[in-house]
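# Structural features, examined
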Amino acid sequence: MILIAVISLGAIGAIGAVFLYAASKKFEVYEDPRIAQVQEVLPGANCGGCGYPGCGGFATACVKADTLDGLLCPVGGAPVMGKVAAILGKEAASAEPMVAVVRCNGTCAARPRTNRYDGVKSCAIASTLYGGETGCSFGCLGYGDCVAACNFDAIHVNPDTGLPEVDEDKCTSCGACVKACPKNIIELRKKGPKSRRIFVSCVNKDKGAVARKACANACIGCGKCAKECPFGAITVENNVAYIDYTKCRMCRKCVAVCPTGAIHELNFPPRKEAAPAVSAAPVKPAVAPKAEAKPEAPQTAASQVETKEETNQK
Amino acid sequence: MENKLYVSPSPHIHGGDSISKNMYGVLIALVPAFLVSLYFFGLGALIVTVASVFFCALFEYLIQKFLMKKEPTLCDGSAILTGVLLAFNLPSNLPVWIIAIGALAAIGIGKMSFGGLGNNIFNPALTGRIFLLISFPAQMTTWPVAGQLTSYTDATTGATVLSLMNEGALDKLPSLSDMLVGNMGGSLGEVSALALLLGLFYMLWKKIITWHIPVSIFVTVFVFTGIMHLVNPVQYACPCVHLLSGGLMLGAIFMATDYVTSPMSKSGMIVYGVGIGILTTVIRLFGSYPEGMSFAIFIMNGVTPLINSYMKPKHFGGK
Amino acid sequence: MLRTFRIGGIHPPENKLSAGKKITALAAPKQVIIPLSQHIGAPAQAVVKKGDPVKVGTLVAKAGGFVSANIHSSVSGKVNKIDNALDASGYKRPAIYIDVEGDEWEETIDRSDALVKDCTLSSKEIVDKIAAAGIVGLGGATFPTQVKLLPPPGSKAEIIIINAVECEPYLTSDHSLMMEKGEQILVGVTLLMKAVNVNKAVIGIENNKPDAIAHLTKLATAYPGIEIMPLKVQYPQGGEKQLIDAVIRRQVKSGALPISAGAVVQNVGTAYAVYEAVQKNKPLFERVVTVTGKAVANPSNFLVRMGTPINTLIEAAGGIPENTGKIIGGGPMMGKALVSAEVPVTKGSSGVLLLTKEESVRKPMQDCIRCAKCVNACPMGLNPAFLMKFTVYKDWEKAEANYIQDCIECGSCSYTCPANRPLLDQIRLGKGKVMGIIRARKS
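All values derive from a computational prediction rather than experimental measurement.

## Quick word on the overall build of chain C
Within chain C, the secondary structure is distributed over 14 helices and 17 strands. Each of the 443 residues in chain C was classed as buried or not, and the buried ones make up 59%. Summarising the internal contacts of chain C: among those between residues at least 6 apart in sequence, 73% fall at separations of at least 24.

## Some details on the overall build of chain B
Each helix and strand counted, chain B has 14 helices and three strands in total. Computed over the C-alpha atoms, the radius of gyration of chain B is 20 Å, within 12% of the 20 Å expected from 2.2 N^0.38 for a compact globule of 319 residues. Considered along the principal axes of its C-alpha atoms, chain B spans approximately 80 × 50 × 30 Å. Residue pairs at least 24 apart in sequence account for 73% of intrachain contacts in chain B once pairs closer than 6 positions are excluded.

## Some words on unusual backbone geometry
Of note, the amide linkage connecting B:S10 to B:P11 takes the cis form, showing an omega dihedral of 0°. By secondary structure assignment, the location of B:P11 is in the loop between β1 (5-7) and α1 (19-41). Following C:Y235, the chain continues into C:P236 via a peptide bond in cis, with omega recorded as -5°. Within the chain, A:N238 stands out as a residue other than glycine whose phi angle is a positive 50°. Its place among the elements puts A:N238 in the loop between β7 (234-237) and β8 (240-243).

## Thoughts on the sheet that holds strand β6 (residues 71-72) of chain C
Residue and element names in this part refer to chain C. With antiparallel pairing, three strands are arranged side by side in an open sheet as β3-β5-β6. Looking at strand neighbours, the two that pair on one side only are β3 (45-46) and β6, the edges of this open sheet. Bridge analysis of β3 against strand β5 (residues 59-62) gives two bridges, and the strand direction is antiparallel. What sits directly across from Q45, in β5, is K62.

## Looking at the interface of chain C and chain B
Counting from both sides, the interface comprises 53 residues of chain C and, opposite them, 32 residues of chain B. Breaking the side of chain C that touches chain B down by element, the ones donating at least two residues are β15 (324-329), β16 (336-337), α10 (373-377), α13 (412-416) and α14 (423-442) of chain C. Broken down by element, the side of chain C that touches chain B gets its largest block of residues, five residues, from β15(C).

## Focus: helix α7 (residues 268-280) of chain C
All names here are of chain C. Under the 1.5 Å per step criterion, the end-to-end length of α7 is 17 Å for 13 residues, consistent within 8% with the ideal 18 Å. A large share of α7 lies buried, amounting to twelve of its 13 residues. Every buried residue of α7 is accounted for by V268, G269, T270, A271, Y272, A273, V274, Y275, E276, A277, V278 and Q279. Looking one or two residues beyond α7, the residue adopting positive phi is N281, at roughly 60°.

## As for the confidence of the model for chain C
In the predicted model, chain C carries a mean pLDDT of 92, and the fraction of residues at 70 or more is 100%. Taken together, the chains of this predicted complex give a pTM of 0.85 and an interface ipTM of 0.89.

## Let's talk about the nonpolar core
One finds C:V189 and C:I203 to be the most contacted residues of the largest nonpolar core, which totals 319 residues. Here this core takes ten residues from α1(B), the largest share from any one element. Those residues in contact with C:V189 that sit more than four places away from it in its chain are C:I160, C:I162, C:A201, C:I203, C:I226 and C:A271.

## With respect to the pairing of strand β1 (residues 98-102) of chain A
Residue and element names in this part refer to chain A. Counting buried positions over the five residues of β1 gives five, a clear majority of the element. Burial of the side chains of β1 extends over both faces: M98, A100 and V102 are buried on one face and V99 and V101 on the other. Looking at chain direction, β1 and strand β5 (residues 186-190) are connected through five bridges and run antiparallel. The residue of β5 that forms the bridge with V102 is I186.

## What to know about the domain arrangement of chain C
All names here are of chain C. Structurally, chain C comprises domain 1 (123-280) and domain 2 (373-442). Inter-centroid distance (C-alpha atoms) of domain 1 to domain 2 is 28 Å. Taken together, the contact between domain 1 and domain 2 spans six residues of the former and six residues of the latter. Partitioned by chemical class, the residues of the side of domain 1 that touches domain 2 number two nonpolar, three polar and one charged.

## Regarding the sheet that holds strand β2 (residues 31-35) of chain C
Residues and elements named next belong to chain C. Reading across from one edge, β2-β8-β7-β4 is the order of the four strands in this open sheet, with antiparallel pairing throughout. With one partner strand each, in any of the chains shown, β2 and β4 (53-54) form the two edges of the open sheet. Where strand β7 (residues 77-86) lies against strand β8 (residues 92-100), nine bridges are found, and the strand directions are antiparallel. Pairing of A85 across the sheet is with R93, part of β8.

## Considering the domain arrangement of chain B
Residue and element names in this part refer to chain B. Domain annotation for chain B reports domain 1 (20-138) and domain 2 (158-310). Every element with two or more residues in the side of domain 1 that touches domain 2 is listed here: α1, α2 (43-67), α3 (78-88) and α5 (124-135). Broken down by class, the residue content of the side of domain 1 that touches domain 2 amounts to 22 nonpolar, eight polar and one charged.

## With respect to α3(B)
By the criterion of burial, α3(B) is predominantly enclosed, with eleven of the eleven residues buried. As for α3(B), its buried residues are in contact with α1, α2, α4 (96-111), α5 and α12 (248-255) of chain B.

## Section: the environment of B:I217
Residues and elements named next belong to chain B. Its place among the elements puts I217 in helix α10 (residues 212-231). Overall, I217 belongs to the buried group, with 31 C-beta atoms counted inside 10 Å. When the C-alpha atoms of I217 and L117 are compared, they prove to be 25 Å apart, with 100 residues separating the residues in sequence. Not counting chain neighbours up to four residues away, the residues in contact with I217 comprise A252, A256, G273, I276 and G277.

## Observations regarding the interface of chain A and chain C
Counting residues at the interface gives 14 residues for chain A, matched by 13 residues for chain C. Of the residues contributing to the side of chain A that touches chain C, the split by class is five nonpolar, seven polar and two charged.

## Topic: the pairing of strand β14 (residues 300-305) of chain C
All names here are of chain C. Across the six residues of β14, five count as buried, placing the element largely inside the fold. Where strand β1 (residues 23-25) meets β14, three bridges bridge the pair, whose relative direction is parallel. Looking across to β14, one finds that I23 is bridged to N301.

## Some points on the environment of C:E400
Residues and elements named next belong to chain C. Checked against the element boundaries, E400 lands in helix α12 (residues 396-401). Measuring from C-alpha to C-alpha, the distance between E400 and L338 comes to 31 Å, with 62 residues separating the pair along the chain. Contact partners of E400, with chain neighbours within four places excluded, come to Q405 and V434.

Reading the values: rules and limits
Residues numbered from 1 in each chain as written. Chains lettered and ligands numbered in written order. Predicted model: local features only at pLDDT ≥ 70, side-chain atom pairs only at ≥ 80, totals over all residues. Helix = DSSP H or I, 4+ residues; strand = E, 2+ residues; numbered from the N terminus. Buried ≥ 20, exposed ≤ 12 C-beta atoms within 10 Å, placed from the backbone. Contact = placed C-beta atoms within 7 Å. Rg over C-alpha atoms; globule rule 2.2 N^0.38 Å. Pairing = 2+ DSSP bridges. Expected span 1.5 Å × (residues − 1). pLDDT = per-residue confidence, 0-100. Core = buried A, V, L, I, M, F, W, Y, C linked by C-beta atoms within 7 Å. Domains from an automatic or database assignment. Nonpolar A, V, L, I, M, F, W, Y, C, P; charged D, E, K, R; others polar.

Right, here's the structure in full:
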């Protein structure tokens with residue numbers, strides 16, 4: 001009895017094995033083994049920040065491409081791309097570290113509400129319906145589509161200001177939030193030396209008076225910053241200033257002259273109090289928009305040198 | 001202006017329908033059947049129903065409050081409805097501790113493990129009933145004889161129409177008029193076809209359900225058993241007996257039409273109803289269980305997502 | 001049995017509070033704001049500049065493309081400025097501000113009340129006159145009328161269907177127009193028939209307006225080819241595809257134009273505007289607007305100059321009630337909630353509805369219980385619950401396969417949902433995305 005059972009089961013097993021072996025040979029699909037190797041070193045977040053459908057798609061693209069120019073895993077950054085390059089024997093494209101920046105500082109205090117939104121709490125839906133709960137139809141709606149889009153838990157809406165804030169350590173500059181924002185407020189900018197960077201935190205294209213009425217922190221397009229900038233990095237178009245991060249040398253003069261505090265500086269050391277005034281004393285913004293210390297006096301020559309050195313160190 | 005205006009996408013008015021309105025509507029539709037069960041099974045029916053509702057509501061509350069950590073939604077009436085439907089599927093002499101286990105299976109496994117109302121795949125009351133049927137086959141298949149008003153677990157039990165049919169004792173069946181009124185053995189809510197039909201008309205009138213599911217079940221069972229009866233009238237009972245016996249009415253009107261677990265398009269509802277009808281008849285006539293309604297609905301519940309993705313509503317302008 | 005469309009539909013409470021009220025003409029305000037984009041399509045381009053004197057009926061902006069419409073001054077006075085103004089959706093869009101001085105009309109406009117029945121113009125001349133007068137669909141869609149009257153090559157119109165169903169609750173502007181300007185409407189319909197070379201027209205009126213049906217039926221005996229068809233009350237019968245289905249029992253295929261079913265649909269208000277434009281040389285610069293709401297002291301139908309701020313209308317109807325929570329431009333089902341009462345009346349404003357706070361706030365959303373009430377309500381035969389799910393999960397392929405692009409945004413699904421789910425909010429977003437994908441694929 002036992003023998004029959006063993007034999008019959010063994011026979012079934014053998015037939016199955018033969019069949020599976022034949023099938024695997026017959027239907028085998030050749031896949032470049034390097035794709036698996038590349039995928040191994042990728043972060044595996046499948047965020048799509050590289051522009052390909054997941055890490056597998058990116059690995060395939062890397063293997064197929066002749067050079068790695070234009071192929072970048074924003075999550076892993078240079079180290080991961082270096083590993084990929086080593087596997088494939090290609091040159092890795094150097095990439096500047098980037099970070100997402102929210103270009104709106106219309107806090108609840110600075111930007112009074114004019115109506116109450118009662119639809120689905122989604123920026124995409126609200127923005128197809130109307131301009132938003134405040135007088136500024138360009139600013140952040142605050143329903144957190146960017147938060148939902150982020151795979152790395154790197155962006156959160158601050159309940160006090162009603163604005164999203166980026167956690168620089170977690171942000172991988174995958175760009176998911178940039179795509180998710182219907183108002184095009186979020187931008188990927190150069191992370192900068194020691195994460196220091198300067199940007200115009202406003203995208204309001206209304207004329208100065210209208211923008212100012214809607215939001216105390218709005219860029220009014222006055223152009224003072226553009227005049228002040230020694231490097232020609234600032235342009236004013238459609239009543240809103242924009243700082244070209246490839247030209248900006250972090251001198252912070254624009255921050256000092258901005259009458260509404262729309263230009264933000266991040267991660268700079270506090271300025272020295274007794275500094276010689278380079279330009280006219282700036283108008284203090286109606287509402288302090290940031291947590292960072294922002295002394296009245298503009299920066300010193302020393303700090304300018306310091307930041308320049310940092311830029312050069314790169 | 002001092003008052004800030006509300007802004008929202010259209011439409012700006014709502015019909016005022018709500019989940020709880022629908023749930024309580026079904027409960028109202030169940031009242032006639034409950035009264036009949038009180039008339040025939042007396043105290044037992046009352047104890048079983050109250051216990052079932054109590055435990056279902058209790059488990060729903062506890063699970064939502066302490067396991068899911070969210071605001072309990074007892075008021076929407078869905079747990080009460082599950083309790084009543086579960087009770088209606090039980091014999092009126094079932095001990096309370098078994099009912100409690102059934103309620104836990106219904107609410108805990110059937111509903112909350114999927115995420116609560118709206119997310120469950122299977123009808124919770126049926127889940128509870130089938131759980132009990134498999135766990136306690138003896139207690140679940142001995143039904144008290146109708147008319148013992150003051151007895152509970154001590155009631156004398158007797159055969160049901162379906163068990164008689166299963167044994168091939170067609171000559172001992174009660175009269176059709178008794179079956180219509182409910183003067184027979186069975187689970188406490190399923191006996192009176194008349195009371196259940198009254199509930200059906202109420203729900204149709206209130207637009208709580210549409211006719212598609214119950215009618216397609218009735219027609220399928222009638223036609224299928226009718227053919228079998230014509231083929232062999234000695235072995236297979238006439239279709240009217242099948243329609244009026246067992247849990248068919250209760251299942252077709254109240255269990256199969258459960259919103260969450262039935263298809264959404266009308267064509268899908270008919271496919272679903274026909275499927276239930278065929279499965280029920282097959283189990284009844286050829287299976288070892290005397291009653292197949294619960295299993296039929298349960299199986300079709302599982303097929304519902306598939307039906308939903310294939311049977312789309314009739315599209316304006318055609319393809 | 002009365003006809004109606006054959007799939008879905010709902011019956012919201014009618015609340016026609018201003019029914020039977022005579023149309024009252026409102027005097028021009030001190031300043032009007034005339035947006036350059038009052039229609040679907042390209043915005044019009046201003047042809048006046050700051051300081052220019054204008055009369056009532058002067059062309060102030062000309063059509064900015066094929067699908068666009070002329071805009072005329074609704075008052076006489078001076079152009080104050082051309083600047084951005086708040087539109088109904090809270091965005092700032094270019095508009096012409098005109099300071100009102102007196103009430104001087106262009107000489108070409110025939111201001112007499114006399115009915116002019118005869119028209120010797122050819123169909124092309126009629127269409128040109130309609131285009132010159134800047135007429136757009138006055139039911140709310142504001143699609144330029146002349147474009148609709150020029151069927152694309154290869155298609156032929158067989159019938160004109162006049163939309164007089166006014167299926168939106170509360171609104172009565174079309175109803176009052178039919179009662180007071182019945183004869184003119186019929187002449188307008190005759191002109192439209194001539195414009196598209198058909199000899200048959202049907203005016204569809206819902207059965208909740210028996211007086212209008214009786215009135216027009218009596219008058220129509222003198223106008224050959226025009227039939228008045230009472231329709232069973234059901235929302236959204238005013239939807240173009242639904243109305244065609246109701247009247248001639250043909251369903252326009254997915255993605256096709258109504259002309260494929262041989263029908264050209266025009267609003268009854270448009271027919272009246274056509275009469276005035278062709279027979280009286282009067283461009284479209286005023287329209288009938290219903291101001292209504294349960295808390296409004298005196299719900300009324302006003303004849304209003306375009307560009308009048310909406311709060312002027314509300315003042316005339318008794319002022320903004322204390323507990324107003326929402327001001328809607330249009331009806332409660334498809335109208336737009338306004339961010340402010342300062343926005344002007346435009347060509348598409350059929351009504352102003354004031355809801356109380358209690359009526360305004362949505363109830364909290366619950367999980368979908370798959371009751372299929374939205375499926376039964378959807379007049380396009382869609383499954384709104386699934387379409388919402390596809391949108392939330394951004395599954396555009398499935399959404400398209402389930403015809404999200406056919407949604408007419410009538411709101412019947414959200415209206416019926418017992419779980420208070422914002423079905424249309426999501427579907428509208430998904431529809432926009434899918435339409436974008438389809439357009440990208442075509443080009």
